[in-house]
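Here are the chains, one letter per residue:
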Amino acid sequence: MLMNWDITDEEKLLRQSAVNYFREKLPINHLRKMRDSQDQVGFHRENWKEMAELGWTGILIPEEFGGMDFGFRGLGLIMEAAGRHLSSTPLLSTALCASRVILQEGSHEQRQKLLPAIAAGEWIIAVAHDEGHQHGSRPLTTTALSHGSRFTLKGQKSLVLDLGCADQILVLARTTKNSQGEEGLSWFLVDVKSPGLGVETFRLVDGRPASRLNFQNVELGQDSLLGTLGSAGASYEKMRQAAAGSLAAEMLGSSMAAFEMTLAYLKERKQFGVAIGSFQALQHRMANLYSELEVSKSIVHRSLCALDAQDPQMVLYTSLAKAKLSELFQKIAAEAIQLHGGIGMTDEHSIGFFLKRSRISAELFGNAGFHRDRYASAMNF
Amino acid sequence: MLQEFRQGVRTWLEQNCPSSMRTAMVEEEEVWGGHQEKFINPDSKIWLERMVAKGWTTPEWPKAYGGGGLSPQEALVLKEEMLSLGCRPPLISFGIWMLGPVLLQYGTEEQKQRFLPAIVRGEIRWCQGYSEPAAGSDLASLQTRAESVGDTFVVNGSKVWTSYADHADWIFCLVRTDSSSSKPQQGISFLLIDLNQPGIKAEPIRLISGNSPFCEVFFKDARAPKDHLIGPLHGGWQIAKALLTHERQAISEIIKKAEEQAIEDYAKEKIGLHDGKLADAAFRDRLSSFHMDQLGFQLTLEREASLQKAGHSPGAASSMFKLYGTELNKRKYELMVEAAGFDSLIWEGAGLATDLQATRDWLRSKGNSIEGGTSEIQLNVIAKRVLGLP
């Protein structure tokens, strides 16, 4: 594939408006306040409306359904800017996962109804797919078996983000008994207020709320089913590749911010009468991280381009991006604490939030080991 | 326009590149030029002559000096077409990679006329006289002296780690022309010296790999005419640094293009598969991690090439490529010998197979992060010149 490494003027504008928006509206302090005030919602509608006006909620939605159709490179720039400020938004769940699944799987009627509502910022949709203690750690067992024209949803989902502010949940369930792997899976849109839906809410290590879901015979009508029965496997695979690649862009933004904060601190903090950044032991650590960051920038960009082109090697590039950035973000965040010294261990300083976020992002949509395995398989070894 | 050029290049290559020059390169058939060149494969001589006639051994150099006069975009097209047809490089040359760019920038018109065409045609093989026994990473402390006697310099001292000096015709050399200045960088000059004279001796150094790609070069009252000085007298350090940038880039390019069996295929052969995956799960995980970094590095080289095309200068960032590329190369050979297991332990005698090459390469790769500026020196450069640390 012929690669375009340049950023267009249009993309530059998008990036600038994203950087400005997250710095003003959803800075790290916002995350801190959310944690300290025990906020259960996690994200507020007025921000979603603003993001809709900027065109971001419909960034992957075709223009015929009211979207901006800017593609993954565009979404990646927004995610990167959000990552810089550890801004937490439903972009990944709604603008990416739900939009893509509806676009790919939904009937014409469902697309007509749902996609414009997402683009307009009217709906937030949480995504419930993971069941085990890690992404991909065990086969999915939640079932939605049909009886007559209805389905009964039964099972548990272990980690769901954005539920506090969501209207609907996109749920992945088995509609064929004893099916395995990608076979017999279907997508359902479930109202958050459905009878029989048990929600346990907890707070993640970085202060964001998240939920565990227990579907105890939730009754669903035929119209809850997205698209064709049993055909969700392929769209789920595409969705998680897209999510892995886009999350990598967010992690890149966070990694750059943590690196820059640390670099600034090394130039200003004095010990033994000199700036600690003059010590070679610390310089070499930073120079190594810089090199890894440069390589990661190329990787993230390549993976977003592969997603835009629906490159046949998409799985290879998205797994490359997610594995590398999961490792690098965690490494930079941990090094950042060490290089900040004592102040880095305090809750008062914001660098600790980067370490906490890095653990979460590393686990979502497959950790580094999961993606190294996928990458090796894609490379046939 | 560029599309037309591409078509023309392709047609020309198809008609002029001999078929044996479109197979994977074998080390013995590499063409380095100079008076010792044997052209083991006769096609390599034909291929070189045809490329020289087009000026395409140095596509971007001006036509006045025998170069191709191509724009950077056209040169890239040529490179891509050669790659896609599997054409071997017609000439491998320190003159092209290192000395030429420096002569183009700092040489006088006479010097360019005198030396560049011979580089383009591969007539003179150059070697690089930088390091000395007592001046490694601290290159500026070099002590090889060049004294002014009439219209020549008289050179005394020794150089070490001089690649292929025993096959070279000339040496580009850093020499001390002034020992009195307070900063060691200030008394250094950049001098071109003909190796074919009685006062110079090159002795190969045997390495841990068993090969001897490097020499120590001894100068005893060797002579060089004064007009072989490049740039100002005592002002060679600037040139030395510019050349190092070209060298670092050349090293990362070589690593990028290394034509050999892919490591995963080698590992599959040695370790075997289980359910379509390498049978050793722990090894597979580490190989995957290495493979990702390797691909990430290749992508970064592509990104850098595209930025440079847009006019961005690599400068100190070339240190990052040198650092990352050589550290990767060391990791690769660690994995290669580990995959080969017992087979990689045999040095001589019964059972010796192709795996010895992996073992030799593994030993040789340890020098990658020492030569051309150690990894630690590259980290210093990145910290100070890229990150702006004090």
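Structure: above.
What you see is a predicted model, and the numbers here were worked out from it, not measured in a lab.

### Things to note about the side chain of A:Ser303
All names here are of chain A.
So, step 1. With respect to the helices and strands, Ser303 occurs in helix H8 (residues 280-309).
So, step 2. When its relative accessible area of 0% is taken as the criterion, Ser303 is described as buried.
So, step 3. Setting aside anything within four residues of it in sequence, one finds Ser303 in contact with Gly245, Tyr317, Thr318 and Ala321.

### What about the interface of chain A and chain B?
Frequently, the measure chosen for interface size is the accessible area removed from exposure when the parts meet.
So, step 1. Listed by partner, the interface residues are 41 residues for chain A and 35 residues for chain B.
So, step 2. Buried area between chain A and chain B, summed over both chains or domains, comes out near 3300 Å², and the portion from carbon and sulfur atoms is 64%.
So, step 3. Inspection of the region where chain A meets chain B yields five salt bridges.
So, step 4. Of the charged contacts, one joins A:Arg372 and B:Asp285 as a salt bridge, the two residues approaching to 2.7 Å between their closest N and O atoms.
So, step 5. Taken together, chain A and chain B are joined by 18 residue pairs in polar contact (both at pLDDT 80 or more).
So, step 6. A total of 15 residues in the side of chain A that touches chain B trace back to one element, the largest contributor, which is H8(A).
So, step 7. Looking at the side of chain A that touches chain B residue by residue, the classes come out as 19 nonpolar, twelve polar and ten charged.

### Here's the deal with the packing of aromatic side chains
So, step 1. Under the definition given, this model contains 20 aromatic pairs over all chains.
So, step 2. A centroid spacing of 5.5 Å and a plane angle of 85° characterise the contact between A:Tyr21 and A:Phe22, whose relative ring orientation is edge-to-face. We note that A:Tyr21, like A:Phe22, is buried.
So, step 3. On the numbers, 5.8 Å between centres and 70° between planes, the contact of B:Phe115 with B:Trp126 is edge-to-face. Taken as a pair, B:Phe115 in helix H5 (residues 109-120) and B:Trp126 in strand E1 (residues 126-129) lie far apart in primary sequence, eleven residues in all.
So, step 4. The structure contains a cluster of three or more aromatic residues connected by ring pairs, namely B:Phe115, B:Trp126, B:Trp170, B:Phe172 and B:Phe190.
So, step 5. The ring of A:Phe353 is capped by A:Lys356, whose NZ or CZ atom sits 5.5 Å from the centre of that ring.
So, step 6. When the ring centre of B:Trp56 is taken as reference, the NZ or CZ atom of B:Lys54 above it lies at 4.8 Å.

### Some details on the packing of helix H1 (residues 9-25) of chain A against helix H4 (residues 71-84) of chain A
All names here are of chain A.
So, step 1. One can describe the packing of H1 onto H4 by two numbers: an axis separation of 8 Å at closest approach and a directional angle of 30°. Relative to H4, the element H1 lies roughly parallel. The crossing of H1 and H4 is right-handed. Contact residues: H1 offers Glu11, Leu14, Arg15, Ala18, Val19 and Phe22, while H4 offers Arg73, Gly74, Leu77, Ile78, Ala81 and Ala82.
So, step 2. For the contact of H1 with H4, a count of residues per class yields eight nonpolar, one polar and three charged.

### Concerning the pattern of salt bridges
So, step 1. Taken as a whole and judged by the stated rule, the model has 44 salt bridges over all chains.
So, step 2. Within the structure, one salt-bridge network assembled from shared partners comprises B:Arg6, B:Arg10, B:Glu14, B:Glu80 and B:Glu81.

### What to know about the environment of A:Asn29
So, step 1. By the secondary structure assignment, A:Asn29 is in helix H2 (residues 28-36).
So, step 2. Taking the C-alpha atoms as reference points, A:Asn29 and A:Ser350, separated by 321 residues in sequence, lie 8.2 Å from one another.

### Examining the pairing of strand E5 (residues 185-191) of chain A
Residues and elements named next belong to chain A.
So, step 1. Buried residues dominate E5, accounting for six of its seven residues.
So, step 2. As paired elements, strand E4 (residues 168-174) and E5 share seven bridges and run antiparallel to each other. Following the sheet pairing, Leu172 is matched in E5 by Trp187.
So, step 3. The sheet contact formed by E5 and strand E8 (residues 225-226) spans two bridges and is antiparallel.

### Some remarks on the environment of A:Leu197
Residue and element names in this part refer to chain A.
So, step 1. Take Leu197: it is sitting in strand E6 (residues 197-203).
So, step 2. Look at Leu197 and you get buried, because its relative accessible area is 14%.
So, step 3. Each C-alpha atom of the pair Leu197 and Lys154 lies 9.4 Å from the other, and the pair is 43 residues apart in sequence.
So, step 4. Each residue touching Leu197, except ones within four places of it in the same chain, is listed here: Ile169, Asp191, Val192, Leu213, Asn214, Phe215 and Val218.

### Here's the deal with the pairing of strand E3 (residues 152-163) of chain B
Residues and elements named next belong to chain B.
So, step 1. Most of E3 is tucked away, with ten of its twelve residues classed as buried.
So, step 2. Where strand E2 (residues 145-149) and E3 come together, five bridges link them in antiparallel fashion. Opposite Ala146, over in E3, you have Val155 as the bridge partner.
So, step 3. Linking E2 to E3, which pair antiparallel, is a turn of two residues; within it Gly150 sits at a positive phi near 60°.
So, step 4. Bridge count between E3 and strand E7 (residues 214-225): ten bridges; the pairing is antiparallel. Note on E7: the bridge partner recorded for Ser158 is Phe218.

Calculation notes
Residues numbered from 1 in each chain as written. Chains lettered and ligands numbered in written order. Predicted model: local features only at pLDDT ≥ 70, side-chain atom pairs only at ≥ 80, totals over all residues. Heavy atoms only, no water. Helix = DSSP H or I, 4+ residues; strand = E, 2+ residues; numbered from the N terminus. Buried < 20%, exposed > 50% of the residue type's maximum accessible area, 1.4 Å probe, protein only. Contact = heavy atoms within 4.5 Å. Buried area = accessible area lost by both parts, 1.4 Å probe. Salt bridge = Lys/Arg side-chain N within 4 Å of Asp/Glu carboxyl O. Polar contact = N/O pair within 3.5 Å; in protein donor to acceptor, adjacent residues only side chain to side chain. Nonpolar A, V, L, I, M, F, W, Y, C, P; charged D, E, K, R; others polar. Phe/Tyr/Trp six-rings, centres within 6.5 Å; stacked < 30°, edge-to-face > 60°. Lys NZ or Arg CZ within 6 Å of the ring centre and 35° of its normal. Axes fitted to C-alpha atoms, helices over the stretch in contact; angles between N-to-C directions. Parallel < 35°, antiparallel > 145°, perpendicular 65-115°, else oblique. Left-handed = near helix turned anticlockwise from the far one by under 90°. Pairing = 2+ DSSP bridges.

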